[in-house]
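Given next are the chains, with one letter for each unit.
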Amino acid sequence: MINPVPPAAIFIIAALLVPLFKGRWKSAYMLLIPVVGFINLISIPEGTHWVVRFLDYDLVLGRMDRLSIIFGYIFHIISFIAILYALHVKDDVQNVAGLIYAGSALGVVFSGDLFSFFVFWEMLTISSIFLIWARRTRAAMGAGFRYLLVHAAGGLCLLAGIVLYVNQTGSIEFGYIGLSGLSSYLIFFGFGVNCAWPFLHPWLSDAYPEATITGTIFLSAFTTKCAVYALARAFPGTEALIWIGAAMAGFPIFFAVIENDLRRVLAYSLINQVGFMVVGIGIGTHLAINGAVAHAFNDILFKALLFMSMGAVMYRTGKINGTALGGLYRTMPLTCLFCIVGAASISAFPLFSGFVSKSMVMSAAGDGHMRVVWFILLFASAGVFHHAGIKIPFFAFFSHDSGMRPKEAPLHMLLAMGIAAFLCIFIGSFPGPLYSMLPYPVDYVPYTIPHIVGQTQLLFFSALAFTLLMLAGIYPGEQRCVNLDADWFYRKGSRLFYLIMDKGLNSLNKVSDRIFVGGLAGFFGYISKRGPEILTLGALTPLWGITGAKGKELKDKIETTRTALHTHTSPIGISAALATVFLVVIFLLR
Amino acid sequence: MKNKRNTSKRGNTKNEKEKNPKSKEYLFDKPRNVKILFRSFYSALLVLLAIEFFIHKHPHFAWEEWPEFYAIYGFVACVVLVLVSKYILRPLVKRREDYYD
């Protein structure tokens, strides 16, 4: 048996060899990577591994505990699914970037120290950006740059926090941090950027729908879930997170209802689902943390499934706007079916995966008697069914007939969606295996009759509301438009910034130019040119006046002296006098 | 899952059929199937409303014991969601597609 290696290393090293393979060998090789990685992962015992001495600190590349291992499992599973889904992609930039991205995510969850954690955290940003740019459209380039800027700012904030924190505590161990003092707030905020907190979120709804069809599957899985992991590790039980999470669960659904780009609808529902996890981490009880982690596990699967089904539609039709799609169930029945499984899972229908994890967070909120939060989460549950559960399948596959009759998705895409759909139903029907992997022992029974009935009532009557609003023509029709979001502040705000910089700095330049270049330089030039003349004539003219020189004679004397000074042929006496004056001035100034 | 398909009623392609009589007929192209779907959806709603009175609840909050709490909340929540999105949010944030260009 070969000794296990750090899970991140397998993906990152293997990624660099991808361009060496061609055709079927490349497909086989890429599919093998997560399989080998998974075998490696299960052969690593719990505990701390691969401690590397660096300067005065210990870097830990393998902290295997129950919190990190479950993220390791799901990251391997989703990597396999995403690679399978992307088998048709010939573009090595995407293939390599996707694998390095997955490897970085594994690096983040298994890092036991803040230094290697930060390095992998930044690698997440760098590698993921190529999945956006690889679309090679103007919109994707723009969104990619905005994504990069936001994450660079968040990363710097995190780095500043880490430096301060290590300075204060003298240890680089990555464990519970808690909110106390500037350093922890900076780290908290740095995590928040990747977690897509309200107002920090637009990088997600802006960039994910602009990424490539296959890139979005990778993107939807890793960045936000790494942030959820980091929050669960460092800030469990932080009350602020309850309210941040509730806001995340609530506001995106309003945007999702009026959004036309169906992948952007999913991006909003991604924020909404991460909101449930953040609430769970904020509550911080064992049930809540378990719920948050289980929901992260499930969300990776059903969100990827939904993105894959929309990706397949986009792959076959080249369109993704609700206005352009419709009626595709006719020729893409399997994609439609998988999409409905994903929709049922995210909506938490009984027997689908969302049901067994979302309710853990709801129960934890109920146990803590958090009325307002509970009501917001229930609203978010109904709302997510509304926009992700009904709107996505309905507008893509049913609704009006777009007249398009595209072919069914390619086989490898169907297989990838099939695996994800199977797992969604399996986990929903048999939650035992998932529960047994959670960080804390699980004492929670999802399938009680009141829970099943209550949840089904909630969903069915949400569906009734949708049906009636649709029949009455009140439901907001899809429209071709842009909806403003918090990214307005830096997309339009950047122009204001530019204007301020333009008017502010450029007018400062102008004033400086006038004073220093036009004014002072001319003045000094004049002084150095005319100085000796002014001094000499200033001293001599009164003297000549006393000695009786007048009129033309005086003028001649002045003119002769001036010419002499200009041509540097002044009499020795005058030069000597000027030199003496100059020396006296220097002496006095000394 | 039924309720998700029920909404496809409006997706009927009668018009298309008139235009192109040769086009193949699919599941929800037949009005009868849509009718069946709707009927089963509405009966499911009635069953869900009725079943409530036969179960014993053990709620976290008092209001969970109110009759049909979840059904009413789900319905009202979604109507509010749609109305707020359509009449408040959309006028505030909607811009032309080339707004940022």
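Small disclaimer: the values here were computed from a predicted structure and weren't measured.

Turning to the overall build of chain B, a few remarks are in order. Along its length, chain B carries four helices and one strand. Starting at the N terminus and walking to the C terminus, you meet the elements of chain B as α-α-α-α-β. With 101 residues in all, chain B has 21% of them scored as buried. In chain B, 34% of the contacts between residues at least 6 apart in sequence involve partners at least 24 apart.

Our next topic: the domain arrangement of chain B. Partitioning chain B into structural domains gives domain 1 (1-55) and domain 2 (56-101). With four residues of domain 1 of chain B at the interface, the matching set in domain 2 of chain B holds five residues.

Relative orientation and spacing of two packed helices are given, respectively, by the angle between their axes and the distance between those axes. Residues and elements named next belong to chain A. Contact geometry for helix 1 (residues 7-17) and helix 4 (residues 92-110): axes closest at 8 Å, N-to-C directions at 165°. Relative to helix 4, the element helix 1 lies roughly antiparallel. The way helix 1 lies across helix 4 gives a crossing that is left-handed. Contact residues: P7, A8, F11, I12, A14 and A15 in helix 1; V96, L99, I100, A102, G103, S104, L106, G107 and F110 in helix 4. Residue composition of the contact of helix 1 with helix 4, by class: twelve nonpolar, three polar and no charged.

Taken together, the 53 residues of chain A in the interface contact 45 residues of chain B. Within the residue set of the side of chain A that touches chain B, elements represented by two or more residues are helix 10 (239-258), helix 13 (333-346), helix 14 (353-367), helix 15 (371-397), helix 18 (449-471) and strand 3 (482-483) of chain A. The dominant element in the side of chain A that touches chain B, judged by the number of residues it contributes, is helix 18 of chain A, at 18 residues. Its residues assigned to classes, the side of chain A that touches chain B comprises 33 nonpolar, 14 polar and six charged. Sheet topology note: the strand 3 of chain A/strand 1 (residues 94-95) of chain B ladder contains two bridges and is antiparallel. If you follow A:V482 over to strand 1 of chain B, its bridge partner there is B:R95.

Looking now at the domain arrangement of chain A. Residues and elements named next belong to chain A. One can read the domain layout of chain A as domain 1 (1-140 + 190-227), domain 2 (236-481) and domain 3 (493-589). Taking only C-alpha atoms into account, the centre of domain 1 sits 24 Å from that of domain 2. Taken together, the 29 residues of domain 1 in the interface contact 34 residues of domain 2. Of all elements in the fold, only helix 3 (66-85), helix 8 (202-207) and helix 9 (215-234) reach the threshold of two or more residues within the side of domain 1 that touches domain 2. Per-element accounting of the side of domain 1 that touches domain 2 gives the leading share, ten residues, to helix 3. Among the residues forming the side of domain 1 that touches domain 2, the class breakdown is 20 nonpolar, seven polar and two charged.

Here the focus is the pairing of strand 1 (residues 47-54) of chain A. Residues and elements named next belong to chain A. Burial within strand 1 is sparse, with just zero of its eight residues counted as buried. Where strand 1 and strand 2 (residues 57-64) come together, seven bridges link them in antiparallel fashion. Residue pairing for strand 2: F54 is matched across the bridge by Y57. Hairpin connection from strand 1 to strand 2: two residues lie between these consecutive antiparallel strands, with L55 at a positive phi of about 50°.

Another point: helix 3 of chain A. Since one α-helical turn is 3.6 residues long, residues separated by three or four positions face the same way. End to end, helix 3 of chain A covers 29 Å across 20 residues, agreeing with the expected 28 Å (1.5 Å per residue, within 8%). Most of helix 3 of chain A is tucked away, with 17 of its 20 residues classed as buried.

So, on to the nonpolar core. All names here are of chain A. Within the largest apolar cluster, 205 residues are counted, with the highest numbers of intra-cluster contacts made by L231, A304, L305 and L377. Among the elements that take part in this core, helix 12 (residues 286-317) stands out by supplying 19 residues, more than any other. Setting aside residues no more than four positions away along its own chain, A304 makes contact with I78, I81, A82, I217, S220, A221 and A420.

Rules used throughout
- Residues numbered from 1 in each chain as written.
- Chains lettered and ligands numbered in written order.
- Predicted model: local features only at pLDDT ≥ 70, side-chain atom pairs only at ≥ 80, totals over all residues.
- Helix = DSSP H or I, 4+ residues; strand = E, 2+ residues; numbered from the N terminus.
- Buried ≥ 20, exposed ≤ 12 C-beta atoms within 10 Å, placed from the backbone.
- Contact = placed C-beta atoms within 7 Å.
- Domains from an automatic or database assignment.
- Axes fitted to C-alpha atoms, helices over the stretch in contact; angles between N-to-C directions.
- Parallel < 35°, antiparallel > 145°, perpendicular 65-115°, else oblique.
- Left-handed = near helix turned anticlockwise from the far one by under 90°.
- Nonpolar A, V, L, I, M, F, W, Y, C, P; charged D, E, K, R; others polar.
- Pairing = 2+ DSSP bridges.
- Expected span 1.5 Å × (residues − 1).
- Core = buried A, V, L, I, M, F, W, Y, C linked by C-beta atoms within 7 Å.

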